[in-house]
Structure formats: C-alpha cells, structure tokens
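Close look at the chain arrangement
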Amino acid sequence: MNAFARTSEALAVAPLLNCLLREAADPAGEPAAGRAVHQLRACGRLLRVRTGHRPSAPELWTGGTWQPLCHADLVDLAAHEMRAATGRPNTALTAEMTAGRTALEALLAARARTAPPDDPWLRSEQALVMGHPYHPAPKARSGGGPPDTWLRYAPEAHARFPLVLLGVREDAAADDGDTRALDALGQAPPGHRLLPVHPWQFGLTHRLPAVRAAFADGRLVRLGVTPWEARATSSVRTVHIRRTPERPDLFLKFSLEVQITNDVRRIRRHELRDVRRTDPLVVAAFRAMDGPAAWLGERGHRTVRGLEETFPVIVREGLDGHLLPGTTAVLAAALPEGFDGNPLDRLADPLPWWSAYLRSVVPPVLEAYARHGVAVECHLQNTLVAVDADGTPVQAVFRDTEGAKAIPDTPREIARQRLVYCLVVNNLIEIASVLAHRFPRSADALWPVARREFERYDKERGFPGAEALLTAPTVPAKANLLSRWIDADGTEPRYLPVPNPLVLTNPAASAS
C-alpha cells in the first residue's frame, strides 16, 4: 500500500467511524489505554477504536480476539448494522462509501502534484481533503464519472479552470434580481445575454436531448470559454472570480448533476424562487446589526427557459467589500482539517482565541434569528472568519442563502432545530474538539467560555429559548448515515440527540 493509499484509508475511516459511533453505538465501559469500546445497537457487536480528535484504528471483537478493520471491512460492518436497524438494504450507499475511499486516493495524488495557491483564504477553501467529519462518504462524487474526469475541477486538487460561455437568446433568458455582474464577464452577441456555465456541468449535460434542442433551435449558442480562470471553492459547484480593475470579485454558484454528501447538487426551480425571497431578508438583518459580521448576498440569478435547473447561475457577492481592513479570511471548516496558514498553528493559549471566535460567530447568528426571524445555516463550510495580523478572529462572514430559513416561511421549531445543529454541533463542537486535542490542559475550560458568550448575549439583547438551550441535556445532530441509508430527502434529514456541551457538569465553572 503506497503513501496515498494509506492516508486515504485513514481519512475515509474517520468520518464513517464517527457516524457509527454517533448514530448506531453505545459506550461499553470506560476508555482505557487510549482506546474505547462501543456496542452496536442492532447487531450487538463490539467495536473498539483509538480515541482522539478523530477515532481511528477500528477493531471488531470476534469472540476471542480484536480483529483490525480496514475501510472495506468497516463499510461491510456499517451496512450490516444499518440493515439490522432499518430492515432494508442500500447497495447504492455501500458503493458510494467504497467510491469515496477511491476518490480520496485520487485527490491526494492530484494534490501532491499541484502547487497550492498563494492566497491563504483560497488555501483554506481547498483544504477539505477529508471533508465532512460526520458523513459516511464525504468525498464520493456519484454521477460525476471516474476521478480522471473531474479532478480538474476539484478544490482539494487546487483546481482553477475557465468557465464555458454560452449566449442565451433574450426571449429564452430568465433573470431575477441584479445580474449585471454576469454581463461584465464577456461579450454576448446581439440579441443574447451572457451565461457562464461550470465546465463539469456542461460536460455532464450538453448531450441531453433538451440541451441539444436548445442549441438546435437557437436558444443557446456556444461562445467559447473565459480568457481567465475561475477558482474552485469548498462546495465544488461554487467558484470564485478574482477582481479586476473593471469589476469586483464575486462568486458564482451553479447546478451540478453530481451527488455530493446528501444531495445531487442541482439548483431546483423552487430554490431559485426561495433564494430571491429569503436573501433580501438576510441582507437586511446583517445591515441592521451593530457589529462587523457580514453576509455575502446573492444578488440575482440567470437561467434558460426550459432548462431552468440545468444551467442556472447565482451571483453571490465577493469578499472584498465585506472584510474588515487588514484582515484575512479563512474558512472555518479548514481549521480542524489544517492548512498552511492555519491561525491555530500559532496559538500558545487557546482560550483568548476561542473567546474571540465565539464573540465573532455566536452573536450575529443569534441576532439574525431573535430580531429578524432568519435562521442562518452557519455550519463550518458556510462560515468564514476574518483574522487580524496575529491570527485572532475579529469578524465572521456567512454565506449560502439556500440553507437560510426564514420564519414564518419555515416553521419556527424546524428553523430552531437547524440553527442549533449548525451553530452548536457542526460549528462550535468541531472547533472546540480540535482545540481540546491540541491543548488538552485547556479542554475543560472551553465550554464554560462558550456558555458565558451565550449568557452574555441573552443578558444584553435577549434570546428566546436561551434558558432551554443552556439547560437541555441534548441538542440535535444530523444522522447522515441513517438519513442516506433510508433515502431521506436531503432537505429533511433525520436528527438524533447528542449531549449538550453548553450544560456544564460543574455550574460554578460558568462564573469562574
């Protein structure tokens, strides 16, 4: 097994183990000698893992000895447990888990032969090699073809590429909101509007009968490609366009006929409508805040009548107009993964940094919800943190209107559940976990600091449900393995309760 294979094996094992331990197992005794034993609930088998920031080295009790499990063995064990728990098979997800391990090895090899970008923010966007730490197949690209067809578009491989340029006849163009930024990307022929398309999406769809018909009847014309390169970001289907003297920087979000984590990343018609209704509410909420937090607004979109879900493009504001002077943005999801320039590498004491992170991230999320009725999807991949010259967080920047929930459009309890999951479980627990791993002597002090930030906001501004949040024994976590196994809709995942870290075992610690 070569170095790429060994590393991809470990990176594929960790999130699948996380899923099994969170969703399907109970502790069987106290950890000892750096290992912990868990019992799978449905099949009753005993699984032992090495503890740490990420679980590793899984072993299965065979009745007389502990048998080491490779990733393929763990996939089989997960499939056996989920069949026993649900009474149904899912060969597609089993294949996806296996494919995710293959994709990881290809990504590592491509990453090793590609120079990383100079921009520290872009390095953080392209750092998510393992990906979602609680998903059974975070790096699978189902429907996208073999790796050699999509590595050129992979952010993990530092991808940058020209966009395909189409002209859409004016009577066939469907615009909503401010789309002037698209017209500045090139020159459309008379009677047409410019339509940039992700080249991966174009390769997957240009031979479809409906697309071929649009070219045949003149609704679409091929104009070539951009003379400049777009830069792949962590979501894969969203790219960044650098600023020029003629235009500011911006992001473009596309449809992509590829299953990534829980969804085929196609932008549906109703999502386009929802974005145009929700984004002004979120923009207004952040403008009203007395603080540096920012929201990357989604100004408008353009698509093709009859191909609304195939070639839509959403225009999202860039970073340049939102970051505080002298700061550098980093993707919060990259902080646990690690990258060259990670501000955590410079820490001597995690508590001041953690306090600054909390002060940047928590209040604007609570404020948007409590004062403006918007639940921001503030998970780690949607959260950027601007740090000063010392690497200290001074500002949070949030993005992606698709995941934002507006009340009363979304029932309040559903919005609250999603908010608590994204903020506490996906975001704060992950950042606290990596800090505890790096600074074990400070681990017990991390959550009292977090609790005080919630208490401070509630005292100063008031947060409905603050007492319930700070006293509830559990908080909701997405059950990604179960949700995918039973083919739950990506917008309606299953949740399960996990211990609430904001509830302190020693109440006196909150006042210390």
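Scroll up for the structure.
Everything numeric here is computed off the predicted structure, so don't read it as measured data. (Residues numbered from 1 in each chain as written. Predicted model: local features only at pLDDT ≥ 70, side-chain atom pairs only at ≥ 80, totals over all residues. Heavy atoms only, no water.)

**Here's the deal with the packing of aromatic side chains**
Within this structure, the stated rule accounts for 14 aromatic pairs. With a centroid separation of 5.9 Å and an interplanar angle of 50 degrees, the aromatic rings of Tyr369 and Phe463 are classed as tilted. Here Phe463 lies in the loop between helix 13 (443-460) and helix 14 (466-471) and Tyr369 lies in helix 11 (residues 350-372), a separation of 94 residues in the sequence. Of the residues examined, Phe463 reaches a relative accessible area of 11% and is grouped as buried. Relative to Tyr495, the ring of Tyr421 lies with its centre 5.9 Å away and its plane at 75 degrees, an arrangement referred to as edge-to-face. Here Tyr421 is found in helix 12 (residues 412-438), whereas its partner Tyr495 is found in strand 25 (residues 495-499), with 74 residues between them in sequence. The buried category is assigned to Tyr421, whose relative accessible area is 4%. For Tyr495, a relative accessible area of 21% corresponds to the partly exposed category. (Phe/Tyr/Trp six-rings, centres within 6.5 Å; stacked < 30°, edge-to-face > 60°. Helix = DSSP H or I, 4+ residues; strand = E, 2+ residues; numbered from the N terminus. Buried < 20%, exposed > 50% of the residue type's maximum accessible area, 1.4 Å probe, protein only.)

**With respect to the packing of helix 1 (residues 3-23) against helix 3 (residues 91-112)**
Interhelical geometry of helix 1 versus helix 3 gives an angle of 135 degrees and a closest axis separation of 9 Å. On the basis of their axis angle, the class for helix 1 and helix 3 is oblique. Once helix 1 is placed against helix 3, the crossing between them reads as right-handed. In this structure, helix 1 uses Phe4, Ala5, Thr7, Ser8, Glu9, Leu11, Ala12 and Leu16 to contact helix 3, whose residues at the interface are Met97, Arg101, Leu104, Glu105, Leu108, Ala109 and Ala112. (Axes fitted to C-alpha atoms, helices over the stretch in contact; angles between N-to-C directions. Parallel < 35°, antiparallel > 145°, perpendicular 65-115°, else oblique. Left-handed = near helix turned anticlockwise from the far one by under 90°. Contact = heavy atoms within 4.5 Å.)

**What to know about the sheet that holds strand 12 (residues 238-241)**
Taken in spatial order, the seven strands make up an open sheet running 6-11-12-13-18-17-8, and their pairing is antiparallel. Each end of this open sheet is capped by a strand with a single partner; those strands are strand 6 (160-161) and strand 8 (173-177). Bridging between strand 6 and strand 11 (residues 230-232) involves two bridges; their strand directions are antiparallel. Within strand 11, the position partnered with Arg160 by the bridge is Arg231. (Pairing = 2+ DSSP bridges.)

**Points about unusual backbone geometry**
In this model, Ile407 is joined to Pro408 through a cis peptide bond whose omega is 15 degrees. A positive phi is found at Ala57, a non-glycine position, where the angle reads about 50 degrees. Mapped onto the fold, Ala57 is located in strand 4 (residues 56-61). The class for Ala57 is partly exposed, based on a relative accessible area of 26%. For Val236, which is not glycine, the phi torsion reads 80 degrees and is therefore positive. As for its placement among the helices and strands, Val236 is situated in the loop between strand 11 and strand 12. Assessed through its relative accessible area of 2%, Val236 is described here as buried.

**Quick look at the pattern of salt bridges**
Applying the stated criterion to the full structure yields 38 salt bridges. Here Arg41 ties to Asp26 by a salt bridge, and the two come within 3.1 Å at their closest N and O atoms. Of this pair, Arg41 sits in the loop between strand 2 (35-40) and strand 3 (46-50) while Asp26 sits in strand 1 (residues 25-27); the two residues are 15 residues apart in sequence, bridging distant segments of the chain. Ionic pairing is found between Lys139 and Glu156, a salt bridge with its closest N-O pair at 2.5 Å. With Lys139 in the loop between helix 4 (120-125) and helix 5 (147-150) and Glu156 in the loop between helix 5 and strand 6, this residue pair connects regions lying 17 residues apart in the sequence. Both residues of the pair, Lys139 and Glu156, count as buried. Each of Arg237, Lys253, Glu298, Arg316, Asp400 and Glu402 takes part in one network of salt bridges that share partners. (Salt bridge = Lys/Arg side-chain N within 4 Å of Asp/Glu carboxyl O.)

**Regarding the pairing of strand 4**
One ladder, built from three bridges, connects strand 3 with strand 4; its direction is antiparallel. Paired with Arg48 across the strands is Glu59, a residue of strand 4. Of the pairings in the sheet, the one linking strand 4 to strand 5 (residues 66-68) comprises three bridges and is antiparallel in character. Each residue of the ladder has a partner; that of Leu60, found in strand 5, is Gln67.

**A short note on helix 12**
In a regular helix each residue adds 1.5 Å, so 27 residues correspond to 39 Å; helix 12 covers 37 Å between its end C-alpha atoms and thus fits that length. At Leu428, helix 12 is deflected by roughly 35 degrees, the largest bend along its length. (Expected span 1.5 Å × (residues − 1). Bend = angle between axes of the 7 residues up to and from the residue.)

**So, the environment of Pro476**
With respect to the secondary-structure elements, Pro476 resides in strand 24 (residues 474-478). The class of Pro476 is buried, set by a relative accessible area of 17%. Here the alpha-carbon distance between Pro476 and Arg237, two residues 239 residues apart in the chain, equals 28 Å.

**What to know about the layout of surface pockets**
In this structure, the second largest pocket occupies an estimated 1300 Å³ of space. Lining the second largest pocket are 42 residues, and of these Arg22, Tyr134, Ile429, Ser433 and Pro499 sit closest to its centre. Residue assignment for the lining of the second largest pocket shows that the elements contributing at least two residues are helix 1, strand 1, strand 2, strand 3, helix 12, helix 13 and strand 25. For the lining of the second largest pocket, the residue count by class is 25 nonpolar, nine polar and eight charged. (1 Å grid on protein atoms, 1.4 Å probe; cavity = no way out; pocket = protein on both sides within 12 Å on 5 of 7 lines; lining within 4 Å. Points joined across faces, edges and corners; volume = space filled by probe spheres on them. Nonpolar A, V, L, I, M, F, W, Y, C, P; charged D, E, K, R; others polar.)

**Section: the packing of helix 12 against helix 13**
Where helix 12 contacts helix 13, the axes come no closer than 9 Å and their chain directions differ by 145 degrees. By crossing handedness, the relation of helix 12 to helix 13 is classed as right-handed. Along the contact surface, helix 12 presents Leu423, Val424, Leu428, Ile429, Ala432, Leu435 and Ala436, while helix 13 presents Ala443, Leu446, Trp447 and Phe454. Looking at the contact of helix 12 with helix 13, its residues break down into eleven nonpolar, no polar and no charged.

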